[in-house]
Amino acid sequence: MGASGGMRAFLAGEHGRRIVGALAVLAGVTVCATAGFMLIEGWSLLDAFYMAVITMTSVGFGEVHPLTPAGKIFTVAVILGGVAIVAMFLSYGSQVVFAGQFERFMGRRRMEKEIARLRDHYIICGYGRMGRVISREFAKKPVPFVVVENSPEVFREIDPGMLCIAGNAEEDSVLAAAGIERARGLVTVVSSDADNVYITLTAAGLRPDLYIVARAGDEAAERKLLRAGASKVVCPYAIGGTGIANAILRPAVVDFIELVTRREHLELQMEEVLIAPGSALAGRTVLETGLRQRYGAIVVAVKQGDERMRFNPAPEDRLAAGDRLIVLGAGDMLDAIGKLAAG
């Protein structure tokens, strides 16, 4: 929201209406007092206005000219009415300042409490172009996440309903405030490769077992990030270049991938499903699970622990707890399979 939009929103609020009302009354009283001094004492506009202002504010500079008895009575009336109006205006102004500070303080406290309650969430370091896309995709899923942004200008652009922390993710205290001890994973996508390396080092030092995805600008940065403790490194330029090439060479394949990876296409999606201990899928073969017959889903691949992914598993291949299935099917059916896999 721009400055003009913010001012309009303020004026439309309760505090804004009070301030505008007090200003209108103050201006009206000032005009009446100025006109009264001009009519009663015969002063010039400037002298009358000056007298009205110093009388209403009680600054005690003394009369501009000696007052007649009628002028003295009028001055008493201006003091009684004007001082009350000025006090009311100052009171409303202080209320606005205090209320704004109080609301900001309470907003921060409320957000800190919500972050403290998070479990198995993700931390997104950086709210640039990539951070915004990631946040939007996480919100669509939805999965819990916290954004950490160091730039005050960018921080002000974050959606008010989004959990966020202002600070440098390279600092232990900032990541601790984001709940790194309880987090499922961390994504660092700030614009600088050096900053991404430092954030990765900090996060890996606090949580060596944390799954960390980092952005890299080139291959050299990718190697450094992996050494720093990143679980996976993504190079947007390489992905973008490959995507453009595939859009030319294999347009139908690209269309299919876009179809199954976008959440809004409920008729066909691709999802990753983790088989939990005690799940009905654990210990059964692909055929015995009935995923194809009951849910109309296709098991595209299976990844067992840290082993390489097996594509197009055979019907007799047996599944185990900890396996990750890449499943293709309708959105509502995939949700049912996810619940089945979770036990």
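Note that the structure is predicted; figures quoted are calculated from it, not measured.

K.L.:
I would appreciate a short explanation of the side chain of Asp-323 in the present structure.
P.N.:
Along the chain, the position of Asp-323 falls in strand β10 (residues 323-329). Despite its burial, Asp-323 remains without a salt bridge, the nearest opposite charge being carried by Arg-310 at 5.3 Å. A polar contact of 2.9 Å, which involves the side chain of Asp-323, links it to the backbone nitrogen of Ala-320. Dropping the residues within four chain positions of it, Asp-323 is found in contact with Val-273, Leu-274, Ile-275, Val-302, Lys-303, Gln-304 and Arg-318.

K.L.:
When you look at helix α9 (residues 219-228) in this model, what are you seeing that I'm missing?
P.N.:
A turn of α-helix holds 3.6 residues, and therefore any two residues three or four places apart point the same way. Listing the buried residues of α9 in full gives Ala-221, Leu-225 and Ala-228. Angularly, the buried residues of α9 cover 60° about the axis, an arc narrow enough to put them on a single face. Seen from the open side of α9, the exposed residues pointing more than 90 degrees away from its buried face are Glu-219 and Arg-227. Of the surrounding secondary structure, the elements contacted by the buried residues of α9 are α8 (193-206), β5 (211-215) and β6 (232-234).

K.L.:
Is there a simple way to explain the packing of α8 against α9 in this structure?
P.N.:
Describing two packed helices takes the angle between their axes plus the distance from one axis to the other. Across the interface, α8 lies against α9 with an axial gap of 8 Å and an inter-helix angle of 15°. The angle between the axes of α8 and α9 places the two elements in the roughly parallel class. Between α8 and α9 lies a crossing whose hand is right-handed. Of the residues in α9, those touching α8 at Asp-193, Asn-196, Val-197, Thr-200, Leu-201 and Ala-204 are Ala-221, Lys-224, Leu-225 and Ala-228.

K.L.:
Help me out: how do you make sense of a nonpolar patch on the surface in this one?
P.N.:
A cluster of nonpolar side chains, Val-253, Phe-256, Ile-257 and Met-270, forms an exposed patch at the surface whose accessible area comes to about 320 Å². Among the elements that line the nonpolar patch, the one with the most residues is helix α11 (residues 251-261), at three residues. Residue placement: Ile-257 occurs in helix α11.

K.L.:
Please explain the pattern of salt bridges as it appears in this structure.
P.N.:
Pairing is possible between side chains of opposite charge, provided their charged atoms come close. Counted by the stated rule, this structure contains eight salt bridges. Across the pair Arg-207 and Asp-209 runs a salt bridge whose closest N-O atoms are separated by 2.8 Å. Residue classification places Arg-207 among the buried positions, given a relative accessible area of 12%. In this structure, the salt-bridge partner of Asp-317 is Arg-310, at a minimum N-O distance of 2.8 Å. Look at Arg-310 and you get partly exposed, because its relative accessible area is 26%.

What counts, and where the lines are drawn
Residues numbered from 1 in each chain as written. Predicted model: local features only at pLDDT ≥ 70, side-chain atom pairs only at ≥ 80, totals over all residues. Heavy atoms only, no water. Helix = DSSP H or I, 4+ residues; strand = E, 2+ residues; numbered from the N terminus. Buried < 20%, exposed > 50% of the residue type's maximum accessible area, 1.4 Å probe, protein only. Lys, Arg positive; Asp, Glu negative; His and termini not counted. Salt bridge = Lys/Arg side-chain N within 4 Å of Asp/Glu carboxyl O. Polar contact = N/O pair within 3.5 Å; in protein donor to acceptor, adjacent residues only side chain to side chain. Contact = heavy atoms within 4.5 Å. Arc of directions from axis to C-beta. Axes fitted to C-alpha atoms, helices over the stretch in contact; angles between N-to-C directions. Parallel < 35°, antiparallel > 145°, perpendicular 65-115°, else oblique. Left-handed = near helix turned anticlockwise from the far one by under 90°. Patch = residues over 30% accessible without salt bridge, like charges linked within 9 Å, V, L, I, M, F, W, Y side chains within 5 Å. Areas by Shrake-Rupley, 256 points an atom, 1.4 Å probe, with all protein chains shown as cover.

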